[in-house]
Amino acid sequence: MTPMLELRELYSGYGDVRVLRGVSLEVREGEVVSVVGANGAGKSTLIRTVMGTVPATSGEVRFLGQDITGRPSHEIARRGIAQVMEGRRLFPHMSVEENLLVGGDILRDKARSRAGLDLTYTMFPRLAERRRQLARSFSGGEQQMLAIGRALMTSPRLLLLDEPSIGLAPVVVKSIFTALRQISEQGITILLVEQDVHRSLALASRAYVIKEGSVVREGPSAELLADPELRRAYLGI
Amino acid sequence: MTPLARGGAVGAALVAAMVVPLATPSPYALSIVTLTLLYGYLALSWNIIGGIGGQLSLGHAAYFGIGGYASTLLFVQFGVSPWFGMFAGAALAALAAALIGYPCFRLRGAYFALATLAAAMILKIAVENSHGLLGGPRGLEVTLLRDAPLQFQHTRKEFYYAVVVVMLTIALSINYLLLRSRLGFHLVAIRNDQDAALALGIDITRSKLAAAMLSAALTAAGGTFYAQFVMFISPDKVLSANLSVQIAVMCIVGGRGTVFGPLLGALLLLPAEEIARRALGGIVGADMMLYGLLLMIVMRREPRGVQRILRDLWNRTGAPRSVNAG
């Protein structure tokens, strides 16, 4: 079976600075795959290169068997990849509901967009309570829920998450990961980039460890967590 | 009241208010009112890309000039009525907006503003150096026919006043409808965070291009109106960077991204400028200093503009609170 997302020898970076150096990985349908590594290893760049916001200098990004390397970001989003960006990146002067409806707009179908809204409110009742408030009035955790909800509104096949737990209190992080598990159980495939190695490997079935822009280890999460050398060298735990 | 009814009520009140200036016995006063409304129209045109779409253009004089020059040239050289020239100018300006916009939309914030400013300056210099057809720095005169409404000219100021009221109504309606349209929704999302909008599948380049072209076309029609009203155009008058800044400042001071804010900005700034000019006599640049000062005061007090200040006052005086007020 062709994987849902496949990166082949992917290189990318910013100007002369090369960040990804030949990353290959794959995500199969229904999986939760985690990418872990130290700060500056290239995790966020990996997400951005898949999304097309950082151009690949060589290599290939394939989604559902099709080459999407170099396609514009909005087109990649329309093919069914949603991204929860680092720092949430909400529309601060729009209400909660408007933020969500921008996500639903991609479907070009008011009824489906409405249905997505109901589903999102069921998953995050906090958002339903505050649907008319401006996004910027929210706490960090609520903002992250809104960012995830907004991405789900596009009805994606694959959800990319860039550091969803950053800057959040442990109790909030816990609820975010509970939500991610629910999302996965609904059949949405997840690629997660995360500094919280423990939680991220607990959620993911498989993981890749990247260092200086290359994959140095890959395998089932439990196996990676159990490897003492790896824990010390790359995971910092 | 529903938003539609409220908008309609405000609109009706505005139309009623527009009959009042016709009672003035002084053609000079009516000229000032007409120019003020023209600036209101220009600020509303700018609002489409600069306010709703959040792309700070400082080159709108280019489109204004294109409109004025296109219709005047067609009229003087080929006898085409400026009513038709107005559409030719609008089409040309939309094309120019696409040509300027496509490379410039990759730039963010101040860089976009500088690029549009530069594009307008290049056009001004080009016109100043085309001595033959466009008259170079001396400009072009519109052939005087006196009372010829079909050729977009009349000796009575009421004629121009009526035309500008119609144009203003059209610009207000377009802004109102745009804010309730899908394109408007995309533009507001882009203004809020364009990377996030892109990641959610919005074709940001296409949305910005559509807005820039519509904005430029409307601005160009204003340029044609100006040429017919003054019966003379020159690069200094219709292509200057000052004009670009004035249009943007009016919209920002009044309240960018809103329907009535840009008009409010013009209603405040144009008369203020006129008073300052009389009080300060011939000090060169006094008007721009006034613009800068007012911009600083309003931005410090309320970055969303005078429109917002008035709305907050209205809400505080016990009127029914709107949903967004809290």
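Note that the coordinates shown come from a computational prediction; the quantities given were computed from them, not determined experimentally. (Residues numbered from 1 in each chain as written. Chains lettered and ligands numbered in written order. Predicted model: local features only at pLDDT ≥ 70, side-chain atom pairs only at ≥ 80, totals over all residues. Heavy atoms only, no water.)

**Student:** How would you explain the interface of chain B and chain A if you had to name every residue and give the values?
**Tutor:** Contact with chain B, which involves 18 residues of that partner, is made by 26 residues of chain A. Surface buried jointly by chain B and chain A totals about 1900 Å² across both partners, of which 60% is contributed by carbon and sulfur atoms. In terms of surface lost to chain A, no three residues of chain B exceed Phe185(B), Asn192(B) and Leu200(B), which account for 33% of the buried area on that side. Between chain B and chain A we count 3 salt bridges in total. For Asp195(B), the salt bridge identified is with Arg89(A), shortest N-O distance 2.9 Å. In this structure, the connection of chain B to chain A is made through 7 residue pairs in polar contact (both at pLDDT 80 or more). (Contact = heavy atoms within 4.5 Å. Buried area = accessible area lost by both parts, 1.4 Å probe. Salt bridge = Lys/Arg side-chain N within 4 Å of Asp/Glu carboxyl O. Polar contact = N/O pair within 3.5 Å; in protein donor to acceptor, adjacent residues only side chain to side chain.)

**Student:** Could you give an account of the sheet that holds strand 5 (residues 66-67) of chain A, with specific residues and numbers?
**Tutor:** Residues and elements named next belong to chain A. What the 4 strands build is an open sheet, ordered 2-1-4-5; its pairing is antiparallel. Each edge of the sheet is formed by a strand with only one pairing partner; in this case those strands are strand 2 (17-27) and strand 5. Its contacts with the sheet put helix 1 (residues 43-51) on strand 1 (5-14), strand 2 and strand 4 (56-63), and the angle it makes with strand 1 is roughly 110 degrees. (Pairing = 2+ DSSP bridges. Helix = DSSP H or I, 4+ residues; strand = E, 2+ residues; numbered from the N terminus. Axes fitted to C-alpha atoms, helices over the stretch in contact; angles between N-to-C directions.)

**Student:** Break down the state of the cysteines for me, citing the residues and quoting the values.
**Tutor:** If you walk through the whole model with that rule in mind, you get 0 disulfides over all chains. Of all cysteine sulfurs in the structure, the one in Cys104(B) sits closest to Cys251(B), which takes part in no disulfide; the separation is 19 Å. (Disulfide = S-S within 2.5 Å.)

**Student:** I'd like to hear about the packing of aromatic side chains, residue by residue, with values.
**Tutor:** Tallied over the full model, the rule gives 9 aromatic pairs over all chains. Geometrically, the ring pair formed by Trp83(B) and Phe152(B) is stacked, given 4.0 Å between the ring centres and 15 degrees between the ring planes. Pair noted here: Trp83(B) is in helix 4 (residues 82-104) and Phe152(B) is in the loop between strand 1 (140-141) and helix 6 (157-179), with a separation of 69 residues, a long-range link. Trp83(B) sits in the partly exposed class, given a relative accessible area of 28%. We classify Phe152(B) as buried; its relative accessible area is 0%. Residues Phe152(B) and Phe159(B) carry aromatic rings whose centres are separated by 6.4 Å and whose planes lie at 85 degrees to one another, so their mutual orientation is edge-to-face. Each member of the pair, Phe152(B) together with Phe159(B), is buried. Over the ring of Phe138(A) we find Arg130(A); its NZ or CZ atom is 5.3 Å from the centre of that ring. (Phe/Tyr/Trp six-rings, centres within 6.5 Å; stacked < 30°, edge-to-face > 60°. Buried < 20%, exposed > 50% of the residue type's maximum accessible area, 1.4 Å probe, protein only. Lys NZ or Arg CZ within 6 Å of the ring centre and 35° of its normal.)

**Student:** Quick rundown of the sheet that holds strand 8 (residues 189-193) of chain A? Include the residues and the values.
**Tutor:** Residues and elements named next belong to chain A. An order of 6-7-8-3-9-10 is seen for the 6 strands of this open sheet, with the pairing classed as mixed. Each of the sheet's edge strands pairs with one partner strand only, and the pair in question is strand 6 (81-84) and strand 10 (214-220). Shown here is a sheet whose adjacent strand axes are inclined to one another by a mean of 15 degrees, direction ignored. Alignment of strand 6 against strand 7 (residues 158-162), held across 4 bridges, turns out to be parallel. The partner of Ile 81 across the bridge, within strand 7, is Leu 158. Along the sheet, helix 6 (residues 140-152) contacts strand 6 and strand 7; its crossing angle with strand 6, the most-contacted strand, is approximately 170 degrees.

**Student:** Please give an account of unusual backbone geometry that cites residues and values.
**Tutor:** The phi torsion at Glu163(A) lies on the positive side, around 50 degrees, for a residue other than glycine. Mapped onto the secondary structure, Glu163(A) falls in the loop between strand 7 and helix 7 (170-185). Here Phe152(B), not a glycine, exhibits a phi torsion of approximately 60 degrees, which is positive.

**Student:** Tell me about helix 11 (residues 241-254) of chain B, residues and numbers included.
**Tutor:** In an α-helix, one full turn covers 3.6 residues, which means residues spaced three or four apart are oriented alike. All names here are of chain B. Helix length check: helix 11 (14 residues) gives 20 Å between terminal C-alpha atoms against 20 Å at 1.5 Å per residue, within 8%. In terms of burial, helix 11 is largely enclosed, as 11 of its 14 residues are buried. Every buried residue belonging to helix 11 is among Leu 243, Ser 244, Gln 246, Ile 247, Ala 248, Val 249, Met 250, Cys 251, Ile 252, Val 253 and Gly 254, and all of these are buried. Against helix 2 (27-52), helix 3 (60-78), helix 10 (235-238), helix 12 (261-280), helix 13 (286-301) and helix 14 (306-316) lie the buried residues of helix 11. (Expected span 1.5 Å × (residues − 1).)

**Student:** Report on the packing of helix 3 (residues 96-104) of chain A against helix 4 (residues 110-123) of chain A, specifying residues and quantitative values.
**Tutor:** Residues and elements named next belong to chain A. At a closest axis distance of 10 Å, the pairing of helix 3 and helix 4 adopts a crossing angle of 130 degrees. With respect to helix 4, the element helix 3 is oriented oblique. Seen from above, helix 3 lies across helix 4 with right-handed handedness. Contacts from Glu 97, Leu 100, Leu 101 and Gly 104 of helix 3 reach helix 4 at Ser 113, Arg 114, Leu 117, Thr 120 and Tyr 121. Of the residues that constitute the contact of helix 3 with helix 4, the class distribution is 4 nonpolar, 3 polar and 2 charged. (Parallel < 35°, antiparallel > 145°, perpendicular 65-115°, else oblique. Left-handed = near helix turned anticlockwise from the far one by under 90°. Nonpolar A, V, L, I, M, F, W, Y, C, P; charged D, E, K, R; others polar.)

**Student:** Requested: an account of the layout of surface pockets, with residues and values cited.
**Tutor:** When its volume is computed, the second largest pocket comes out at roughly 580 Å³. Forming the boundary of the second largest pocket are 27 residues, of which Ser73(A), Arg106(B), Leu198(B), Ile204(B) and Thr205(B) lie nearest the centre. Elements represented by at least two residues in the lining of the second largest pocket include exactly helix 1, strand 4 and helix 2 (73-78) of chain A together with helix 8 (194-199) and helix 9 (204-230) of chain B. Among the residues making up the lining of the second largest pocket, the classes are represented as 12 nonpolar, 9 polar and 6 charged. (1 Å grid on protein atoms, 1.4 Å probe; cavity = no way out; pocket = protein on both sides within 12 Å on 5 of 7 lines; lining within 4 Å. Points joined across faces, edges and corners; volume = space filled by probe spheres on them.)

**Student:** A description of the environment of Asn47(B) should follow, citing residues and the corresponding values.
**Tutor:** By the secondary structure assignment, Asn47(B) is in helix 2. With residues near it in sequence (within four places) discarded, Asn47(B) still touches Ile52(B), Gly53(B), Asn175(B), Cys251(B), Arg256(B), Gly257(B), Thr258(B) and Pro262(B).

**Student:** Help me get a handle on the nonpolar core, residues and values and all.
**Tutor:** By size, the foremost hydrophobic cluster in this structure holds 94 residues, and its most contacted members are Phe91(A), Tyr41(B), Tyr69(B), Leu168(B), Phe225(B) and Met250(B). Here Tyr69(B) is in contact with Val127(B), Leu134(B), Gly136(B), Gly139(B), Leu140(B), Ile233(B), Ser234(B), Pro235(B), Val238(B) and Leu239(B), once residues within four sequence places are set aside. Among the nonpolar cores identified, the runner-up in size contains 34 residues, and Leu90(A), Leu146(A), Leu180(A) and Leu203(A) belong to it. (Core = buried A, V, L, I, M, F, W, Y, C linked by side-chain atoms within 4.5 Å.)

**Student:** Can you tell me about a nonpolar patch on the surface, naming the residues and giving the values?
**Tutor:** Together, Leu92(B), Leu95(B) and Leu99(B) make up an exposed nonpolar region whose accessible area comes to about 310 Å². Judged by relative accessible area, which is 62%, Leu99(B) ranks as exposed. (Patch = residues over 30% accessible without salt bridge, like charges linked within 9 Å, V, L, I, M, F, W, Y side chains within 5 Å. Areas by Shrake-Rupley, 256 points an atom, 1.4 Å probe, with all protein chains shown as cover.)

Any link to function would need more than the numbers given here.
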